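Now for the letters of each chain:
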Amino acid sequence: MLDRFVTPENKKWWTLGAVSVGLFMIMLDNTVVNVALPSIRSSLGMSIQGLEWVVAGYALTFAAFMLIGGKLADFLGRRLVFMIGLAVFTGASLACGLAGNGGFLIGARIVQGLGGALMNPATLSIIAATFAPRERGRAIGIWAGVSALALAIGPLVGGLLTQHVNWNWIFFVNVPVGLAGLLLAPALIEESRDTTADQRLDVPGLLTSALGLFSLTYAFIEANSYGWGSVRILGAFALAAVALAAFVLLERHQRAPMLDLSLFRNRTFGGANAAMLFVGLAMFGTFFYVSLYLQNVLKYSPVQAGASFLPMTVLVILIAPRAGALTDRVGSRWLVGTGMTLLAVMLFYYTQLGAHESFWRLLPGLLIGGIGMGLTMTPVTAAAMSAVSVDKAGVGSAVLNSARQVGGSLGIAVMGSIVAGSSNYLTGFHDALRVGSGLCLLGAVVAVLAIRKIEHARPAQAPAELAAEA
């Protein structure tokens, strides 16, 4: 049946569609939960710290296992690892929807993050292996547009399901989509892998990086509960420092490291990943606390809170694919710098909002942020992926997505510590936004200084093509 629609000429676009659906699911779960947090808290009797773990636990596991997911994709096969990740993600989504208490929900979210960590780098490396270099910017533009759309539309989907059905359904909706993806992936996606010699898994690197990231996030989230000077929190910070230092040392001396540090010798790759880290730091925490601000301070319903993000969503949909096509012509440098500057402006604008604002006061920031997000995500992704060879696409993709997820989990934790440490929610919210705005500006500077356009050689032309051009 599929043979009638899938031809050798269009199969690469069907492949892009298949991996984009999987990507949409895992990225949606970064933000779909935010609007449902008050309902989850009421239903399961969770604390604010518990809610932070619902979001940060997913992002943290996503980040910690992303590199090993990229390595597995290159080593075992990108389609195979994509399908394994999709199966884990789908099963964990069902478990999240069935959760009867906060601890079970957090545990299921952690497993869900593991599934996402296997799927995400495989999606981008499949695209890199499927499309020629001169088409890759457009394909990555669509990929990044889907990713940004999922992040942006998540609050609306979460609000509609929470208000009109139940918060559990923000997870249940993944199940039929995941099952359909598992059925269609073998027919739509060609298998590919890294064929170079000496491929093996880096278990010490995985353990030290996961321990370091978990300890650091734990320290930020729980610091206000136990005290910044408590033995528990200081010990967590110390453990994070030791584990992350050990991770770097191991990766420098491993024969087949999980994170190939030589990739960062390419200034464009390093700059793109740094910019993505700053995006995660600033924006994940912002989405978390803006959702709480809309419902707890402005008294919006879940649907109203989710719908408030629609202007940003529409702009991301319109701009991200066009930014991908523009990247192929002019490069990523100034697009990323401009986009991150606009995100900084949006966050600073929101520091002026009080406890009795109308939607029209929110709208300018949403418009500025939509343009900024659309200009940032596609070009920064294209810059990073253009700086790595196709056989390392899985690891390159994993590093980039790890940068975003590490930034996201730490951003939620850092913003949370700022909000919790203030005299009232609104003051802490404004302080956190100022920090986020500064981080975006810093990311813009890094992008402009580090990212350069990668020139791809034109493919050889046949004599007839040369004659036609003449």
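Predicted model, so just to flag it, every value in this text is computed and none were measured. Residue positions within a chain follow its written sequence, with the count starting from 1. Totals for whole chains, interfaces and linings use every residue, but because this is a predicted model, local features are given only for residues with pLDDT of at least 70 and side-chain atom pairs only at 80 or more, for both listing and counting. Hydrogens and water are ignored here; the side-chain numbers use all heavy atoms of the structure.

**Considering the overall build of the protein chain**
- Helix and strand content of the protein chain: 18 helices and 0 strands.
- Only C-alpha atoms enter the radius of gyration, while the globule expectation follows 2.2 Å times N to the 0.38, with N the number of residues. Scaling as 2.2 N^0.38, a compact globule of 470 residues should have a C-alpha radius of gyration of about 23 Å, and the protein chain matches this with 21 Å.
- Three labels apply to residues, based on accessible area from a 1.4 Å probe with only protein chains included: buried if under 20% of the type maximum, exposed if over 50%, partly exposed otherwise in between. Taken over 470 residues, the protein chain has a buried fraction of 58%.
- Summed over all atoms, the accessible surface of the protein chain reaches about 18,000 Å², with 68% contributed by carbon and sulfur.
- When charges are tallied, Lys and Arg are placed among the positive residues and Asp and Glu among the negative ones, while His and the ends of the chain are skipped. In this description, the location of a charge corresponds to atom NZ of lysine, CZ of arginine, CG of aspartate or CD of glutamate. Of the side-chain charges in the protein chain, 29 are positive and 21 negative, and the distance between the mean point of each set is 4 Å. Each helix corresponds to a stretch of at least 4 residues labelled H or I by DSSP, and each strand to a stretch of at least 2 residues labelled E; elements are numbered beginning at the N terminus. Exposure was quantified through the Shrake-Rupley algorithm and a 1.4 Å probe, taking into account, for residues, occlusion by the shown protein chains and nothing else.

**Some words on the side chain of Glu357**
- Relative to the helices and strands, Glu357 resides in the loop between helix H14 (333–350) and helix H15 (359–386).
- Exposure remark for Glu357: the relative accessible area of 19% places this residue in the buried category.
- Polar contacts, as counted here, are pairs of nitrogen or oxygen atoms within 3.5 Å of one another; within protein the pair requires one atom able to donate a hydrogen and one able to accept it, and residues that are adjacent in sequence qualify only if both atoms are side-chain atoms. Within polar-contact distance, the side chain of Glu357 engages the backbone nitrogen of Gly354 at 2.7 Å.
- A distance of 3.1 Å separates a polar atom in the side chain of Glu357 from a polar atom in the side chain of Arg361.

**Some details on the pattern of salt bridges**
- What counts as a salt bridge is simple: a side-chain nitrogen of Lys or Arg found within 4 Å of a carboxyl oxygen of Asp or Glu. The full count for this structure, using the stated rule, is 2 salt bridges.
- In this structure, Arg361 and Glu357 form a salt bridge, with 3.1 Å as the shortest nitrogen-oxygen distance.
- Judged by relative accessible area, which is 32%, Arg361 ranks as partly exposed.

**Some words on the confidence of the model for the protein chain**
- Of the residues in the protein chain, 90% reach a pLDDT of 70 or more, and the chain-wide mean stands at 82.
- Predicted confidence for residues 456–470 stays below pLDDT 50, and this span has 9 contacts to residues more than four positions away or in other chains. What pLDDT reports is the predictor's confidence in each residue, on a scale of 0 through 100. Contacts are assigned to residue pairs that have any heavy atoms within 4.5 Å of one another.

**Some details on the nonpolar core**
- Note on terminology: a nonpolar core comprises buried Ala, Val, Leu, Ile, Met, Phe, Trp, Tyr and Cys residues joined through side-chain atoms within 4.5 Å. Val33, Ile40, Phe82, Leu105, Leu294 and Leu362 are the most contacted members of the largest nonpolar core, which has 140 residues in total.
- Looking at which element gives the most residues to this core, the answer is helix H11 (residues 267–297), with 17 residues.
- Apart from residues no more than four positions distant in its own chain, Leu362 is found in contact with Tyr293, Leu294, Leu298, Tyr300, Tyr350 and Leu353.

**A word on the side chain of Glu52**
- Counting through the fold element by element, Glu52 comes out in helix H3 (residues 48–76).
- Although Glu52 is buried, it forms no salt bridge, and the closest oppositely charged side chain is Arg41 at an N-O distance of 9.9 Å.
- Side-chain polar atoms of Glu52 contact the side chain of Tyr289, separated by 2.6 Å.
- If sequence neighbours within four positions are ignored, Glu52 has contacts with Gly57, Ile221, Phe288, Tyr289, Ile412 and Gly416.

**A few points about the environment of Ile371**
- With respect to the helices and strands, the residue Ile371 is situated in helix H15.
- Owing to a relative accessible area of 33%, Ile371 belongs among the partly exposed residues under this scheme.
- Along the backbone, Ile371 and Val316 are 55 residues apart, and their C-alpha atoms lie at a distance of 6.5 Å.
- Excluding its chain neighbours within four sequence positions, the residues that come into contact with Ile371 are Leu315, Ile319 and Leu342.

**A short note on the packing of helix H1 (residues 11–31) against helix H4 (residues 78–97)**
- Helix axes are fitted to C-alpha atoms over the stretch in contact, other axes to C-alpha atoms as well, and angles between N-to-C directions run from 0 to 180 degrees. Between H1 and H4, the least distance of the axes is 12 Å, while the angle of their chain directions is 40°. One element, H1, and the other, H4, form an angle in the oblique class. As H1 packs across H4, the resulting crossing turns out to be left-handed. Judged by residue contacts, Ala18, Val19, Gly22, Met25, Ile26 and Asp29 of H1 engage Phe82, Leu86, Phe89 and Thr90 from H4.
- Looking at the contact of H1 with H4 residue by residue, the classes come out as 7 nonpolar, 2 polar and 1 charged. Roughly parallel means an angle under 35 degrees; roughly antiparallel, over 145; roughly perpendicular, 65 to 115; everything else is oblique. Whether a crossing is left-handed or right-handed is set by the direction in which the near helix is turned from the far one by less than a right angle, anticlockwise for left-handed and clockwise for right-handed. In this count, Pro and Cys sit with the nonpolar residues alongside Ala, Val, Leu, Ile, Met, Phe, Trp and Tyr, while Asp, Glu, Lys and Arg are called charged and the others, Gly among them, polar.

**Digging into a nonpolar patch on the surface**
- Here the term patch refers to residues with relative accessible area over 30% and no salt bridge, with like charges joined within 9 Å and nonpolar side chains (Val, Leu, Ile, Met, Phe, Trp, Tyr) within 5 Å. Residues Phe75, Leu76, Leu80 and Ile84 make up a contiguous nonpolar surface patch of roughly 300 Å² in combined accessible area.
- For the nonpolar patch, the elements supplying multiple residues, two or more each, are H3 and H4.
- With respect to the secondary-structure elements, Ile84 resides in helix H4.
- Since its relative accessible area comes to 39%, Ile84 is described here as partly exposed.

**Thoughts on the packing of aromatic side chains**
- Classification of ring pairs uses Phe, Tyr and Trp, with its six-membered ring standing for Trp, and accepts pairs whose centres are within 6.5 Å; under 30 degrees between planes counts as stacked, over 60 as edge-to-face, and the remaining range as tilted. With the rule as written, the count across this model stands at 13 aromatic pairs.
- Where Phe214 meets Tyr218, the ring centres are 6.2 Å apart and the plane angle is 25°; that geometry is what we call stacked. Here Phe214 and its partner Tyr218 are both found in helix H9 (residues 203–226), 4 residues apart, which amounts to about one turn of the helix.
- With a centroid separation of 6.2 Å and 15° between ring planes, the pair formed by Trp228 and Phe237 is classed as stacked.
- For Phe237, a relative accessible area of 23% translates into the label partly exposed.
- In textbook terms, an aromatic cluster arises when at least three aromatic residues are bridged by ring pairs, as seen for Tyr289, Tyr293, Tyr425 and Phe429.
- Charge-over-ring placement is defined geometrically: NZ (Lys) or CZ (Arg) within 6 Å of the ring centre, and within 35 degrees of the ring normal. It is Arg232 that lies over the ring of Tyr226; its NZ or CZ is 4.2 Å from the centre.

**Quick word on H9**
- Taking 1.5 Å per residue as the helical rise, H9 with its 24 residues ought to reach 34 Å, and the 32 Å between its terminal C-alpha atoms agrees with that figure.
- Along H9, the largest kink reaches about 35° and is centred on Phe220.
- One or two steps after H9, the chain reaches Gly227, where phi turns positive at roughly 100°. Multiplying one less than the number of residues by 1.5 Å gives the expected span of a helix. Note that bend, as reported per residue, equals the angle between axes fitted to the 7 residues terminating at that residue and the 7 residues originating from it.

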